[in-house]
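# Notes for the structure review
Each chain, letter by letter, is given below.
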Amino acid sequence: GAEPIMSDVAFDSLESQLRALDPTNPFFRSVGFAATDGFEKVRHTASMGSLDKVQTVIELGTWHAGLSSAISNTQANSLVISEKLDGISISLRYELGHLVQALTRGDGVEGEDITRKVVKMQGVVVDLPHGQPFSGHIRGEIILRKSDWKAHFPTYSNPRNAASGVAKRLDGEDSEHLTVLCYQVVPVEEPVSLYPGMIRRKSDELERLAMWGLSTPNWWLANLELAEIRYNSYIDAARIALDYDIDGLVVEVDELKVARDLGESHGRPKGSVAWKFPHDTAPSTLRHVEWQLGVTGRITPVAHFDMVHLAGADIGKSTLNNIQFINEDLGGLRIGAQVIVARKNDVIPAVDAVVVQGDGDVVTAPSECPCCGSPTVQEGRYT
């Protein structure tokens, strides 16, 4: 199905734990998921990788300090920042300016051929203008604009799930409501052949895509300070005003040869990084569950977990609603579990999900009232 198996914050939490335990794990050299049944599977002629992520200004500064120690200050402060799209990664293959194939990223090595659907999508150019004889790949992202989501797919929970659902349809129906935004040019020749040619900088690359009539995410030339200003402007207002979803900014060295010469770490380029926006959820560890007696005689479970900072507040506890919520919505709960704490829309905090189950006591409803010791009775969802 199109629904993700876990939230971004849950995935990032597990990835951080694995990085701490086993930083050379092959997972960090792979991306995405294997191609699914239903479409022809095709091997990428140029593998589609992923970026390392940072979450804070401090982490971004650490990444930039690594750049500054390897390249000149001018090169390290000539950056391009662009919107990190929250969609489905694809590669468009052109031969002498004509689109011949469109592949999903898949696992980065092999993807699915969805050419017949992609040619219907907004923002796609089948023949590059003015007889441009480009041969190679153009990387992009399939997105669903919020306006198109509301108009055509109101039953889906969010635009990304709707875009994924439509992209998986074998019949290609509704593909015309999707949009492709492009952000990278990968020529057939070795990239070094471009360097003193037409595309020497990331900014040249993005301008070239626009000249070819392809849509791109918003981008700017910047240094580290300007990147931080732009990032904060997105958090304050700009992100909400966009007609499509983004989950951060991409920060990268402008000079392509410099970026290429920096090399990779565990298969991910050192010259660029994904600066993710803050989550409205955070991972924590469940320490104990308190059963509180209310004025009506109802006993409510309250989770106590390691303090997290969400939506301007430090939070160390939240209601677990009732035993049915614990057993059915969360799939059971044990002390020591790693959980996702949410405070969406700046409202009452809640335990949203269990990432890794604990090895302590199983959370069960008390058999006796915590105040008077009388036997408890469960009526419906409540004790």
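Residues numbered from 1 in each chain as written. Predicted model: local features only at pLDDT ≥ 70, side-chain atom pairs only at ≥ 80, totals over all residues. Heavy atoms only, no water.

## Topic: the packing of aromatic side chains
A complete count under the given rule lists 7 aromatic pairs for this structure. When the ring of Tyr-94 is compared with that of Phe-134, the centres are 6.5 Å apart and the planes differ by 55°; the resulting orientation is tilted. Of this pair, Tyr-94 sits in strand S4 (residues 88-95) while Phe-134 sits in the loop between helix H4 (115-118) and strand S7 (136-143); the two residues are 40 residues apart in sequence, bridging distant segments of the chain. The pair formed by Tyr-94 and Phe-134 is uniform in burial state, with each residue classed as buried. For the ring pair Tyr-231 and Phe-277, a centre distance of 5.4 Å and an interplane angle of 45° mean the geometry is tilted. You can see Tyr-231 sitting in helix H8 (residues 224-241) and its partner Phe-277 sitting in the loop between strand S13 (272-276) and strand S14 (281-293), a full 46 residues away along the chain. Here Tyr-231 matches Phe-277 in class, with each residue buried. Taken together, the ring pairs connect Trp-220, Tyr-231, Tyr-234, Trp-275 and Phe-277 into an aromatic cluster. (Phe/Tyr/Trp six-rings, centres within 6.5 Å; stacked < 30°, edge-to-face > 60°. Helix = DSSP H or I, 4+ residues; strand = E, 2+ residues; numbered from the N terminus. Buried < 20%, exposed > 50% of the residue type's maximum accessible area, 1.4 Å probe, protein only.)

## Let's talk about the pattern of salt bridges
Scanning all chains against the criterion turns up 10 salt bridges. Salt-bridge contacts for Asp-245 lead to Lys-146; the nearest nitrogen and oxygen are separated by 3.9 Å. Placement of the pair is Asp-245 in the loop between H8 and strand S10 (246-253) and Lys-146 in helix H5 (residues 146-152), with a sequence separation of 99 residues. Note that Lys-257 is salt-bridged to Asp-261, the shortest N-O span being 2.9 Å. Of the two residues, Lys-257 and Asp-261 both sit in helix H9 (residues 256-262), 4 residues apart, roughly one turn of that helix. Classification of Lys-257 by relative accessible area gives partly exposed; the value is 39%. (Salt bridge = Lys/Arg side-chain N within 4 Å of Asp/Glu carboxyl O.)

## Section: the sheet that holds S10
Strands sit in the order S2-S13-S10-S3-S9 across an open sheet of 5 strands; the sheet is mixed. Unpaired on one side and paired on the other, strand S2 (53-54) and strand S9 (219-222) mark the two borders of the sheet. As paired elements, strand S3 (residues 79-85) and S10 share 7 bridges and run antiparallel to each other. Looking at the pairing, Lys-84 lines up with Gly-248 of S10. Taken strand by strand, helix H2 (residues 57-70) contacts S2, S3, S10 and S13, and its axis lies near 175° from that of S13. (Pairing = 2+ DSSP bridges. Contact = heavy atoms within 4.5 Å. Axes fitted to C-alpha atoms, helices over the stretch in contact; angles between N-to-C directions.)

## Describing the environment of Val-258
Following the sequence through the fold, Val-258 ends up in helix H9. Judged by relative accessible area, which is 14%, Val-258 ranks as buried. C-alpha separation for the pair Val-258 and Ile-71, spaced 187 residues apart in sequence, amounts to 7.8 Å. Filtering out sequence-adjacent residues up to four positions away, Val-258 remains in contact with Ile-71, Gln-75 and Val-253.

## Looking at the pairing of strand S8 (residues 179-187)
Here S8 lies mainly inside the structure; 7 of its 9 residues are buried. In this structure, S7 lies alongside S8, joined through 8 bridges in antiparallel fashion. Within S8, the residue paired with Ile-143 across the bridge is Thr-179.

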